[in-house]
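Descriptive structure summary
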Amino acid sequence: MQVMVIEDDPKIALFLERGLEAEGHAVTVASSAEDARRWLSVLGPELELILLDLGLPGEDGTDLLRWLRAGGFAAPVIVVSARDDLRDKVTGLDAGANDYITKPFAFDELLARIRAVRRSTGQPTQTELVVGDLRLDLLTKVAQRGGRQIELAPREWVMLELFMRHPRQVLSRSQILSNVWSYSFEPGSNVVDVYVGYLRRKINLPGLAPLIQTVRGAGYRLLPPTSD
Ligand code: CA
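A brief structural summary. (Residues numbered from 1 in each chain as written. Predicted model: local features only at pLDDT ≥ 70, side-chain atom pairs only at ≥ 80, totals over all residues. Heavy atoms only, no water.)

Let's talk about the overall build of the chain
Using the following cut-off: Helix numbers and strand numbers start at the N terminus; a helix is a DSSP run of H or I with at least 4 residues, a strand a run of E with at least 2. Put simply, the radius of gyration uses C-alpha atoms, and a globule should come to 2.2 Å times the residue count raised to 0.38. Relative accessibility thresholds used throughout: buried, under 20% of the residue-type maximum; exposed, over 50%; partly exposed, between the two (1.4 Å probe, protein chains only). Residue contacts follow a heavy-atom distance rule, with two residues in contact if any of their heavy atoms lie within 4.5 Å.
The helix and strand tally for the chain stands at 8 helices and 11 strands. For the chain, whose C-alpha radius of gyration is 19 Å, the value lies close to the compact-globule estimate of 17 Å for 228 residues. Considering only C-alpha atoms, the chain reaches an extent of 60 × 40 × 35 Å along its principal axes. When each of the 228 residues of the chain is scored for burial, the buried share is 45%. Contacts in the chain between residues far apart in sequence, at least 24 positions, make up 58% of those at least 6 positions apart.

What about the coordination of the calcium ion?
Octahedral metals with six donors have ideal donor angles of 90 or 180 degrees. Tetrahedral metals with four donors have an ideal donor angle of 109.5 degrees. Under the convention used in this document: Only nitrogen, oxygen and sulfur atoms within 2.8 Å of the metal, or 3.2 Å for Na, K and Ca, are treated as donors, and water is left out, so sites may look incomplete.
Protein-derived ligands of the calcium ion are Asp8 (OD), Asp53 (OD) and Gly55 (O), with the metal-ligand distances lying across 2.2 to 2.3 Å. Assessed through its relative accessible area of 32%, aspartate 8 is described here as partly exposed. On the basis of relative accessibility, which here comes to 4%, the residue aspartate 53 falls in the buried class.

Some thoughts on the packing of aromatic side chains
Using the following cut-off: By convention, a stacked pair of Phe, Tyr or Trp rings (six-membered ring in the case of Trp) has centres within 6.5 Å and planes under 30 degrees apart, an edge-to-face pair has planes over 60 apart, and any other such pair is tilted. To sit over a ring, a charge needs its Lys NZ or Arg CZ within 6 Å of the ring centre and within 35 degrees of the ring normal.
Counted by the stated rule, this structure contains 3 aromatic pairs. On the basis of an interplanar angle of 85° and a centroid distance of 5.5 Å, the ring pair of phenylalanine 15 and phenylalanine 107 is categorised as edge-to-face. Of the two residues, phenylalanine 15 is situated in helix H1 (residues 10-22) and phenylalanine 107 in helix H5 (residues 107-120); the sequence distance between them amounts to 92 residues. Aromatic rings pair up to connect Phe15, Phe105 and Phe107 into one cluster. When the ring centre of tryptophan 67 is taken as origin, the NZ or CZ atom of arginine 37, which lies over that ring, is 4.2 Å away.

Observations regarding unusual backbone geometry
Cis geometry is found at the peptide bond from lysine 103 to proline 104, where omega equals -5°. Residue position: proline 104 is located in the loop between strand S5 (99-102) and H5. A positive phi angle, close to 60°, is found at lysine 141, a residue other than glycine. Tracing the sequence through the fold places lysine 141 in the loop between strand S7 (134-137) and strand S8 (142-145). We note that arginine 168 has phi near 70°; this positive angle belongs to a residue other than glycine. One can find arginine 168 in the loop between helix H6 (154-165) and helix H7 (173-180). According to the relative accessible area criterion, arginine 168 is partly exposed, its value standing at 46%.

Structure follows, in structure tokens:
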């Protein structure tokens, strides 16, 4: 999907760009409304989603959004803002946003909201992830291994979904941290290792091959038992 991130904080812009690119999206970053207008004239109808910060230098994000909708821009816009005031949310949605997410947020929540917005606007989305004998139904939130249902806590679900979206790929602890927790989460703790442990206990059912491999010095990866 072709995504534009309109965000003036370089740290957050980079976080969004990297995360979305890892999900297979093409990302353009604009750091102001003026910059966004320039890119819009280049990308035009190819653009399928905008993530919009409200507090921008110069022209405010809300004004840019009104201008976009007045000009007939129809693709979904999700406001990503530190303003958590109810009035700001109402103003943003009234100006034409499809959804509103408050900073700081976990990356997985953003991905879930993107999927929800795409469903509600009729864009095709994936509803099930299958890797080997593991199956995640993203709509009913049911996880199964070899036909047996697995009960997962919310963070375990998010972590397993991350592994299943990147089978065989080594994910570093910091990648897992920023995807499952928030970018503002303090690194240096062993929370990732602890949760990988929880997840292993649940998905490595007796008689079935273990699935999550530790790659020393690099991180973890999900290896389907049927792969060669
Ligand atoms: Ca800002």
